[in-house]
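# Structure assessment
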Amino acid sequence: MPFTVLDHTADLHLRIDAPSLEGLFVEAARAMVGQMFPSVLSERTEDDAAQNEADSEGPTGSSGEKPSGTRNEVPPMDQSTVVREITVSLGEPLPSIDERLEGESEKLPAVWEDLFHDWLSKVLVLCTADRLLPIKYRVMFDKEGLLGRIVARPLDPQRDLGEIEIKAVTYHGLKLEGTKGGYRAEVIFDT
């Protein structure tokens, strides 16, 4: 499992691991939504997992170059799903990430934490305000931010019984770092 629920006094504290930075953003959104609506975790198909891994090996990396071709396109939808694009721009260029690690882990620049926070906040709004349940994710970075594409379906109150109500993504305890195996994030959600 790519995420771990950590003990916290009142809120929800998650640690997420992924082999790529794009994968970290995807897995964090999936973990957050899965904590709120466990039914969505069963909807993750092997095909989706394989596609996200293929995307993470593509030309995007953290270099800031936009991908080309159709590999990052959202797969065809059925009639009950919708595609939403989420953009997060912080108004300044994203710093590139040095792939060489000097030690066991290395903290990423704070602007990446801001991008991570804003991405998760927008996914949370998609669930709570728009009443849509994300089932597939794609994340790409360019020079100024993030473009996310989400395939979502309407929330079904009978099927999608909420476990935890997440009110907000917090900056408290937020941490993104590169590790020898990829990337790790820790995030606390206000419940």
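Here the structure is a predicted model, which is why all the values come from computation and not from measurement. (Residues numbered from 1 in each chain as written. Predicted model: local features only at pLDDT ≥ 70, side-chain atom pairs only at ≥ 80, totals over all residues. Heavy atoms only, no water.)

### Some words on the sheet that holds strand E6 (residues 145–154)
Taken in spatial order, the three strands make up an open sheet running E3-E6-E5, and their pairing is antiparallel. Of all the strands in the sheet, just strand E3 (82–89) and strand E5 (132–142) have a single pairing partner and so form its edges. Geometrically, the sheet is characterised by an average inter-axis angle of 20° between neighbouring strands, direction not taken into account. Against the sheet, helix H1 (residues 21–36) makes contact with E5 and E6, and its axis sits at roughly 160° relative to E5, the strand it touches most. (Pairing = 2+ DSSP bridges. Helix = DSSP H or I, 4+ residues; strand = E, 2+ residues; numbered from the N terminus. Axes fitted to C-alpha atoms, helices over the stretch in contact; angles between N-to-C directions. Contact = heavy atoms within 4.5 Å.)

### Observations concerning the side chain of Thr170
Relative to the elements of secondary structure, Thr170 occurs in the loop between strand E7 (168–169) and strand E8 (175–179). We classify Thr170 as buried; its relative accessible area is 18%. Here the side chain of Thr170 touches Ile188 through a polar contact of 2.6 Å, landing on its backbone oxygen. (Buried < 20%, exposed > 50% of the residue type's maximum accessible area, 1.4 Å probe, protein only. Polar contact = N/O pair within 3.5 Å; in protein donor to acceptor, adjacent residues only side chain to side chain.)

### Some thoughts on the pattern of salt bridges
If you walk through the whole model with that rule in mind, you get seven salt bridges. With its nearest N and O atoms 3.2 Å apart, the salt bridge here joins Glu186 to Arg15. In this pair, Glu186 is assigned in strand E9 (residues 182–190) and Arg15 in strand E2 (residues 12–18), connecting sequence segments 171 residues apart. A relative accessible area of 25% means that Arg15 is categorised as partly exposed. Here Glu27 and Arg30 are joined by a salt bridge, their closest N and O atoms 3.2 Å apart. Highlighted residues: Glu27 and Arg30, both in helix H1, separated by three residues, approximately one helical turn. Each member of the pair Glu27 and Arg30 is classed as buried. (Salt bridge = Lys/Arg side-chain N within 4 Å of Asp/Glu carboxyl O.)

### Overview of the packing of aromatic side chains
This structure, assessed with the given rule, holds three aromatic pairs. With a centroid separation of 5.2 Å and 80° between ring planes, the pair formed by Phe25 and Phe141 is classed as edge-to-face. Taken together, the residues Phe25 in helix H1 and Phe141 in strand E5 connect sequence positions 116 residues apart. Judged by its relative accessible area of 0%, Phe25 is buried. (Phe/Tyr/Trp six-rings, centres within 6.5 Å; stacked < 30°, edge-to-face > 60°.)

### So, the nonpolar core
Counting 51 residues, the largest nonpolar core has Phe25, Trp112, Phe116, Trp119 and Leu120 as the members making the most contacts within it. Mapped onto this core, the elements with two or more residues apiece are E2, H1, E3, helix H3 (110–128), E5, E6 and E9. Each residue touching Trp119, except ones within four places of it in the same chain, is listed here: Phe25, Ala29, Ile86, Val88, Tyr137, Val139, Leu146, Gly148 and Ile150. (Core = buried A, V, L, I, M, F, W, Y, C linked by side-chain atoms within 4.5 Å.)

### Points about H1
Along its 16 residues, H1 runs 23 Å from first to last C-alpha, staying within 8% of the 22 Å computed at 1.5 Å per residue. Burial analysis of H1 places 16 of its 16 residues in the buried class, which makes it a mostly covered element. The backbone nitrogen of Gly23 has a side-chain oxygen 2.9 Å away, supplied by the residue at the start of H1, namely Ser20. (Expected span 1.5 Å × (residues − 1).)

### As for unusual backbone geometry
The backbone of Arg131 sits at a positive phi, close to 60°, despite the residue not being glycine. A residue is classified by how much of its surface remains accessible, and Arg131, at 45% relative accessible area, is partly exposed.

### Notes on H3
Here H3 spans 27 Å end to end across 19 residues, near enough to the 27 Å set by a 1.5 Å rise per residue. Turning to H3, its buried residues number three or more, namely Val111, Trp112, Glu113, Leu115, Phe116, His117, Trp119, Leu120, Val123, Leu124, Leu126 and Cys127.

### What to know about the environment of Ile188
Of note, Ile188 is situated in strand E9. Note on Ile188: relative accessible area 5%, which makes it buried. Along the backbone, Ile188 and Leu6 are 182 residues apart, and their C-alpha atoms lie at a distance of 9.5 Å.

### Looking at the environment of Ile135
Among the secondary structure elements, Ile135 is positioned in strand E5. A relative accessible area of 15% means that Ile135 is categorised as buried. C-alpha of Ile135 to C-alpha of Val40: the two residues are 95 residues apart in sequence and 6.6 Å apart in space.

All we've got here are geometric facts, nothing functional implied.
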